[in-house]
Amino acid sequence: MPVIQALITDVPELNVLVNSAYRGETSKKGWTTEAHLLEGLRIDEQTLLSYFENPDIILLKNISDDGSITGCVYLEKRAEKLYIGMFSVNPLLQAKGIGRQLLLATEDYAKKLNCHILTMTVISTRLELINWYHRRGYQPTGEILPFHHDKKFGKPKQPIELIVMEKTI
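So, here is what we can say about the structure in this document. If you're wondering where the values come from, they're calculated on a predicted model, not measured in any experiment.

## What to know about the sheet that holds strand β5 (residues 81-89)
Strand order in the open sheet formed by 7 strands is β1-β3-β4-β5-β6-β9-β7, and the pairing between neighbours is mixed. One side of each edge strand has no neighbouring strand; the edge strands of this open sheet are β1 (3-5) and β7 (139-146). Strand-to-strand twist of the sheet, defined as the mean angle between neighbouring strand axes without regard to direction, takes the value 30°. Of the pairings in the sheet, the one linking β7 to strand β9 (residues 161-168) comprises 5 bridges and is antiparallel in character. Looking across to β9, one finds that Gln139 is bridged to Glu166.

## Some words on the pattern of salt bridges
Across all of its chains, the model carries 5 salt bridges by this definition. Arg78 is paired through a salt bridge with Glu76; the nearest N and O atoms lie 3.4 Å apart. You can call Glu76 buried: its relative accessible area is 16%. Between Lys167 and Glu107 there is a salt bridge, with the nearest N and O atoms lying 2.6 Å from each other. A residue pair is termed long-range when its members are at least 10 positions apart, and Lys167 in strand β9 and Glu107 in helix α4 (residues 98-112) qualify at 60 residues. The exposure class of Lys167 is buried, given its relative accessible area of 16%. Residue Glu107 is classed as buried on the basis of its relative accessible area of 13%.

## With respect to the packing of aromatic side chains
In total, this model carries 6 aromatic pairs according to the counting rule given. Seen from their ring centres, Phe87 and Trp132 are 5.9 Å apart, and the 40° between their planes marks the pair as tilted. Of this pair, Phe87 sits in strand β5 while Trp132 sits in helix α5 (residues 127-135), and the two are 45 residues apart along the sequence. Residue Phe87 is classed as buried on the basis of its relative accessible area, which comes to 13%. Residue class for Trp132 comes out buried when judged on its relative accessible area of 10%.

## Describing the pairing of strand β3 (residues 57-63)
With 7 of its 7 residues buried, β3 lies for the most part within the structure. With burial as the criterion, each face of β3 is covered, one bearing Ile57, Leu59, Lys61 and Ile63 and the other bearing Ile58, Leu60 and Asn62. Of the pairings in the sheet, the one linking β1 to β3 comprises 3 bridges and is antiparallel in character. Bridging across to β3, Gln5 finds its partner in Leu60. Two strands pair when backbone bridges link them, and β3 and strand β4 (residues 69-78) are joined in this way by 7 bridges, in the antiparallel orientation. If you follow Leu59 over to β4, its bridge partner there is Tyr74. Linking two consecutive strands that pair antiparallel, namely β3 and β4, is a turn of 5 residues; a positive phi of about 90° is found at Gly67 within it.

## Quick notes on the nonpolar core
Taken as a class, soluble globular proteins show a tendency for nonpolar side chains to be buried jointly. Counting 42 residues, the largest nonpolar core has Met86 and Tyr133 as its most contacted members. Residues in contact with Met86, not counting those within four places in the same chain, are Val18, Tyr22, Arg42, Ile43, Leu48, Tyr51, Leu59, Cys72, Val73 and Tyr74.

## Focus on unusual backbone geometry
Even without being glycine, Met86 reaches a positive phi, approximately 50°. Structurally, the position occupied by Met86 is in strand β5. The backbone phi angle of Asn114 is positive, close to 65°, even though this residue is not glycine. Its location among the elements puts Asn114 in the loop between α4 and β6 (117-123). Taking relative accessible area as the criterion, Asn114 reaches 48% and is therefore assigned partly exposed.

Thresholds, definitions, all that
Each chain carries its own residue numbering, running from 1 in the direction its sequence is written. With pLDDT at 70 or above as the cut-off, local features in this predicted model cover only qualifying residues; side-chain atom pairs require 80 or more to be listed or tallied, and sums for whole chains, interfaces and linings still use all residues. The basis for every side-chain value is the complete set of non-hydrogen atoms in the structure, without hydrogens or water. Here the rule is simple: two strands pair whenever DSSP picks up at least two bridges between them. Note on conventions: DSSP H or I runs of at least 4 residues are helices, E runs of at least 2 residues are strands, and numbering of each starts at the N terminus. Axes here refer to lines fitted to C-alpha atoms; in helices the fit is confined to the stretch in contact. Angles between the N-to-C directions go from 0 to 180 degrees. For this analysis, a salt bridge means a side-chain nitrogen from Lys or Arg found within 4 Å of a carboxyl oxygen belonging to Asp or Glu. Only protein chains enter the area calculation, which uses a 1.4 Å probe; residues under 20% of their type maximum are buried, those over 50% are exposed, and those in between are partly exposed. Two aromatic rings, drawn from Phe, Tyr or Trp (for Trp, its six-membered ring), form a pair once their centres lie within 6.5 Å of each other, and the interplanar angle then sorts them: stacked below 30 degrees, edge-to-face above 60, tilted otherwise. By nonpolar core is meant a set of buried Ala, Val, Leu, Ile, Met, Phe, Trp, Tyr and Cys residues that side-chain atoms within 4.5 Å join together. Contact criterion: two residues are considered in contact whenever any of their non-hydrogen atoms come within 4.5 Å of each other.

This is a description of form; function is not addressed.
As C-alpha coordinates, this is what we get:
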(Lines give C-alpha, C1' and ligand atoms only; values in the text may rest on other atoms or scores of the structure.)
Protein backbone atom coordinates (compact mmCIF):
# COMPACT_ATOMS: atom_id res chain seq x y z
CA MET A 1 0.00 0.00 0.00
CA PRO A 2 1.83 3.09 -1.19
CA VAL A 3 1.83 6.49 0.48
CA ILE A 4 1.45 9.34 -2.00
CA GLN A 5 0.43 12.98 -2.00
CA ALA A 6 -3.31 13.56 -1.68
CA LEU A 7 -5.11 15.53 -4.38
CA ILE A 8 -7.87 18.09 -4.07
CA THR A 9 -10.21 15.54 -5.67
CA ASP A 10 -9.61 13.32 -2.60
CA VAL A 11 -11.28 15.83 -0.24
CA PRO A 12 -14.67 14.04 0.05
CA GLU A 13 -13.01 10.69 0.80
CA LEU A 14 -10.49 12.27 3.20
CA ASN A 15 -13.32 14.02 5.03
CA VAL A 16 -15.13 10.72 5.60
CA LEU A 17 -11.92 8.92 6.62
CA VAL A 18 -10.78 11.52 9.16
CA ASN A 19 -14.18 11.89 10.77
CA SER A 20 -14.64 8.11 10.96
CA ALA A 21 -11.22 7.71 12.57
CA TYR A 22 -11.81 10.30 15.31
CA ARG A 23 -15.54 10.61 15.98
CA GLY A 24 -18.80 8.71 15.83
CA GLU A 25 -19.64 5.03 16.08
CA THR A 26 -17.15 3.87 13.45
CA SER A 27 -14.28 5.46 15.36
CA LYS A 28 -15.11 3.30 18.38
CA LYS A 29 -14.08 0.22 16.38
CA GLY A 30 -10.49 1.51 16.39
CA TRP A 31 -8.19 2.45 19.24
CA THR A 32 -7.69 6.10 18.24
CA THR A 33 -11.23 7.36 18.81
CA GLU A 34 -11.82 10.73 20.47
CA ALA A 35 -15.60 10.25 20.61
CA HIS A 36 -15.53 10.04 24.41
CA LEU A 37 -13.63 13.37 24.63
CA LEU A 38 -15.10 15.51 21.85
CA GLU A 39 -18.36 15.83 20.00
CA GLY A 40 -18.96 17.18 16.54
CA LEU A 41 -16.87 16.82 13.42
CA ARG A 42 -13.08 16.50 13.44
CA ILE A 43 -12.81 18.19 10.02
CA ASP A 44 -15.02 19.46 7.20
CA GLU A 45 -14.56 19.68 3.45
CA GLN A 46 -14.12 23.47 3.49
CA THR A 47 -11.17 23.19 5.91
CA LEU A 48 -9.65 20.37 3.89
CA LEU A 49 -9.97 22.39 0.69
CA SER A 50 -8.20 25.33 2.35
CA TYR A 51 -5.17 23.11 3.04
CA PHE A 52 -4.59 22.73 -0.69
CA GLU A 53 -4.31 26.52 -1.02
CA ASN A 54 -1.41 26.75 1.45
CA PRO A 55 2.02 25.99 -0.05
CA ASP A 56 3.39 25.03 3.40
CA ILE A 57 0.81 22.22 3.79
CA ILE A 58 0.70 18.82 2.16
CA LEU A 59 -1.58 15.87 2.82
CA LEU A 60 -0.24 12.38 2.32
CA LYS A 61 -2.53 9.41 1.82
CA ASN A 62 -2.10 5.67 2.05
CA ILE A 63 -4.02 3.82 -0.62
CA SER A 64 -5.14 0.21 -0.78
CA ASP A 65 -4.86 -2.09 -3.77
CA ASP A 66 -8.34 -1.03 -4.89
CA GLY A 67 -7.37 2.67 -4.74
CA SER A 68 -9.36 3.60 -1.63
CA ILE A 69 -7.73 5.83 0.96
CA THR A 70 -6.91 3.86 4.12
CA GLY A 71 -4.96 6.54 6.00
CA CYS A 72 -3.76 10.12 5.78
CA VAL A 73 -1.62 12.72 7.53
CA TYR A 74 -1.47 16.52 7.47
CA LEU A 75 2.04 18.00 7.23
CA GLU A 76 2.87 21.67 7.63
CA LYS A 77 6.31 23.23 7.35
CA ARG A 78 6.73 25.60 10.28
CA ALA A 79 10.15 27.25 10.07
CA GLU A 80 12.68 24.46 10.64
CA LYS A 81 10.10 21.95 11.89
CA LEU A 82 7.51 19.77 10.18
CA TYR A 83 4.20 19.68 12.06
CA ILE A 84 2.22 16.43 11.91
CA GLY A 85 -1.55 16.57 12.35
CA MET A 86 -4.81 14.87 11.40
CA PHE A 87 -3.04 11.51 11.51
CA SER A 88 -5.82 9.09 10.54
CA VAL A 89 -6.18 5.41 9.74
CA ASN A 90 -9.43 3.67 8.89
CA PRO A 91 -10.60 2.22 12.25
CA LEU A 92 -11.32 -1.15 10.64
CA LEU A 93 -7.73 -1.36 9.35
CA GLN A 94 -5.81 -0.15 12.40
CA ALA A 95 -2.90 -2.24 13.75
CA LYS A 96 -1.95 -3.37 10.23
CA GLY A 97 1.08 -1.10 9.72
CA ILE A 98 -0.66 1.73 7.85
CA GLY A 99 0.18 4.29 10.53
CA ARG A 100 3.80 3.17 10.57
CA GLN A 101 3.98 3.56 6.76
CA LEU A 102 2.53 7.08 7.02
CA LEU A 103 5.11 8.05 9.65
CA LEU A 104 7.98 6.70 7.53
CA ALA A 105 6.69 8.65 4.52
CA THR A 106 6.44 11.73 6.76
CA GLU A 107 10.10 11.37 7.72
CA ASP A 108 11.10 11.01 4.06
CA TYR A 109 9.14 14.15 3.20
CA ALA A 110 10.71 16.06 6.11
CA LYS A 111 14.19 15.14 4.88
CA LYS A 112 13.35 16.47 1.41
CA LEU A 113 12.40 19.78 3.04
CA ASN A 114 15.57 19.73 5.17
CA CYS A 115 13.40 19.64 8.31
CA HIS A 116 15.09 17.61 11.03
CA ILE A 117 12.49 18.03 13.76
CA LEU A 118 9.03 16.50 13.52
CA THR A 119 6.50 17.99 15.94
CA MET A 120 2.93 17.18 16.92
CA THR A 121 0.34 17.74 19.61
CA VAL A 122 -1.49 14.91 21.37
CA ILE A 123 -4.36 15.10 23.86
CA SER A 124 -2.66 14.68 27.24
CA THR A 125 -5.04 11.95 28.44
CA ARG A 126 -4.51 9.79 25.34
CA LEU A 127 -1.81 7.65 26.93
CA GLU A 128 -2.14 4.85 24.36
CA LEU A 129 -1.34 7.33 21.57
CA ILE A 130 1.44 9.00 23.52
CA ASN A 131 3.00 5.58 24.15
CA TRP A 132 2.61 4.59 20.47
CA TYR A 133 4.41 7.76 19.35
CA HIS A 134 7.02 7.31 22.07
CA ARG A 135 7.84 3.83 20.71
CA ARG A 136 8.47 5.52 17.35
CA GLY A 137 10.96 8.00 18.79
CA TYR A 138 8.74 10.96 19.72
CA GLN A 139 9.41 12.59 23.09
CA PRO A 140 7.28 15.02 25.10
CA THR A 141 8.90 18.47 25.10
CA GLY A 142 7.24 19.53 28.34
CA GLU A 143 5.17 22.15 26.51
CA ILE A 144 1.43 21.99 27.16
CA LEU A 145 -1.07 23.87 25.00
CA PRO A 146 -4.79 24.52 25.43
CA PHE A 147 -7.19 22.72 23.11
CA HIS A 148 -8.50 24.83 20.21
CA HIS A 149 -11.33 26.91 21.63
CA ASP A 150 -12.91 27.87 18.30
CA LYS A 151 -14.75 24.49 18.16
CA LYS A 152 -13.41 24.07 14.64
CA PHE A 153 -12.10 20.61 15.55
CA GLY A 154 -14.97 19.58 17.84
CA LYS A 155 -16.54 20.59 21.13
CA PRO A 156 -14.77 19.21 24.21
CA LYS A 157 -16.87 17.16 26.63
CA GLN A 158 -14.30 17.85 29.36
CA PRO A 159 -11.24 20.10 29.79
CA ILE A 160 -8.56 19.09 27.28
CA GLU A 161 -4.87 19.94 27.08
CA LEU A 162 -2.42 19.08 24.33
CA ILE A 163 1.14 17.96 24.91
CA VAL A 164 3.81 18.71 22.34
CA MET A 165 5.91 15.76 21.18
CA GLU A 166 8.95 15.93 18.90
CA LYS A 167 11.35 13.64 17.12
CA THR A 168 14.71 14.59 15.66
CA ILE A 169 15.61 12.82 12.43
